[in-house]
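# Residue-level structure breakdown
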Amino acid sequence: MTFDRTLAISNRVIRQIVKDHRSLALIIVAPVVVMSLVGFSLVDQEAILNRIAPALLGVFVLFFTFLLTGVSFLRERSQGTLERLHITPVSRADLLVGYLFGFLLFAMLQSAVILGYTVLILPVSYQGDIWQVFVVLMLLTVVAVSLGILVSTFANNEFQVVQFIPIIIVPQIFLTGVIVPVDSMPLVLEKISAILPLRYAVDMLIGIMLKGGSLLDFGTEIIVLAGFGGIFLIGASLTIRR
């Protein structure tokens, strides 16, 4: 892997997304609209909003980042960009890391928009340091970008990327403590939730925002979440045809 080639690919991805108004709308407008609907529908029930806000932050970051990355990477394939890159001396590592960094920049911006809007505009109270919440969301963003790249290698069009949402995203919403605490679930479902990355992000977000915890209290969760990101990226490297 060479830094110059990786940087060149990242720059090309950034320019491509900047020119795409749909992607920019997905990054900024869509999360704000969805968070507004949730937040202002519970404006008279602050206790409920405060309880679910940390989990919803994780859900929306995972969902929108996965969708942005999956659709954008698939578009690169359908337009023949990946095939043209394959006939150059670019390695798989250059390709994947370049795309990862390119998508990551916009995914981080999207996560910052979601977090900023939630804590500054919506009536959400929190206890922990906001920068630690942002670190957790950035880690989840890396996982979502890697997962989006991996899933897009199995899709032939944008509709198929969307079809993966009920399979990959929705189960995580129901099984990772977003709606029902994991301890209250049947043992089988609790075991399944242990292999879902969103669970570890939600645990950290709840621990920091609701209980005033610190990142130092979640060493295991950080390692596991980073491991998911690495596994998804390795999986993508194995499924991209050279």
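In this text the structure is predicted, and so the values were computed from the model without any measurement. (Residues numbered from 1 in each chain as written. Predicted model: local features only at pLDDT ≥ 70, side-chain atom pairs only at ≥ 80, totals over all residues. Heavy atoms only, no water.)

## Here we look at the overall build of the protein chain
Each helix and strand in the protein chain was counted, giving 12 helices and zero strands. Counting helices and strands in the order they occur from the N terminus, the protein chain gives α-α-α-α-α-α-α-α-α-α-α-α. Here the C-alpha radius of gyration of the protein chain, 18 Å, is about what a compact globule of 242 residues would show, namely 18 Å. Here the C-alpha coordinates of the protein chain stretch approximately 55 × 40 × 35 Å along the principal axes. Evaluated residue by residue, the protein chain yields a buried proportion of 51% over its 242 residues. Carbon and sulfur atoms provide 69% of the accessible area of the protein chain, an area that totals close to 11400 Å². Placing the 15 positive and 14 negative side-chain charges of the protein chain at their respective mean positions leaves the two points 13 Å apart. (Helix = DSSP H or I, 4+ residues; strand = E, 2+ residues; numbered from the N terminus. Rg over C-alpha atoms; globule rule 2.2 N^0.38 Å. Buried < 20%, exposed > 50% of the residue type's maximum accessible area, 1.4 Å probe, protein only. Areas by Shrake-Rupley, 256 points an atom, 1.4 Å probe, with all protein chains shown as cover. Lys, Arg positive; Asp, Glu negative; His and termini not counted. Charge placed at Lys NZ, Arg CZ, Asp CG, Glu CD.)

## Topic: the nonpolar core
Among the nonpolar cores identified, the biggest contains 71 residues, and L57, Y99, F103, V133, L137 and I149 are the most heavily contacted of them. Examining the composition of this core, we find that 17 residues originate from one element, helix α3 (residues 46-78), more than from any other. For V133, the contacting residues outside a window of four places in its chain are L57, L115, L205, I208 and M209. (Core = buried A, V, L, I, M, F, W, Y, C linked by side-chain atoms within 4.5 Å. Contact = heavy atoms within 4.5 Å.)

## Things to note about the layout of surface pockets
Here the largest pocket is characterised by a volume of approximately 330 Å³. Lining the largest pocket we find 18 residues, and of these G177, P181, V182, D203 and I206 sit closest to its centre. Looking at the lining of the largest pocket, the elements with two or more residues in it are α3 and α11 (197-209). Ranked by residues supplied to the lining of the largest pocket, first place goes to α11 with five residues. When grouped by side-chain class, the residues that make up the lining of the largest pocket number 10 nonpolar, three polar and five charged. (1 Å grid on protein atoms, 1.4 Å probe; cavity = no way out; pocket = protein on both sides within 12 Å on 5 of 7 lines; lining within 4 Å. Points joined across faces, edges and corners; volume = space filled by probe spheres on them. Nonpolar A, V, L, I, M, F, W, Y, C, P; charged D, E, K, R; others polar.)

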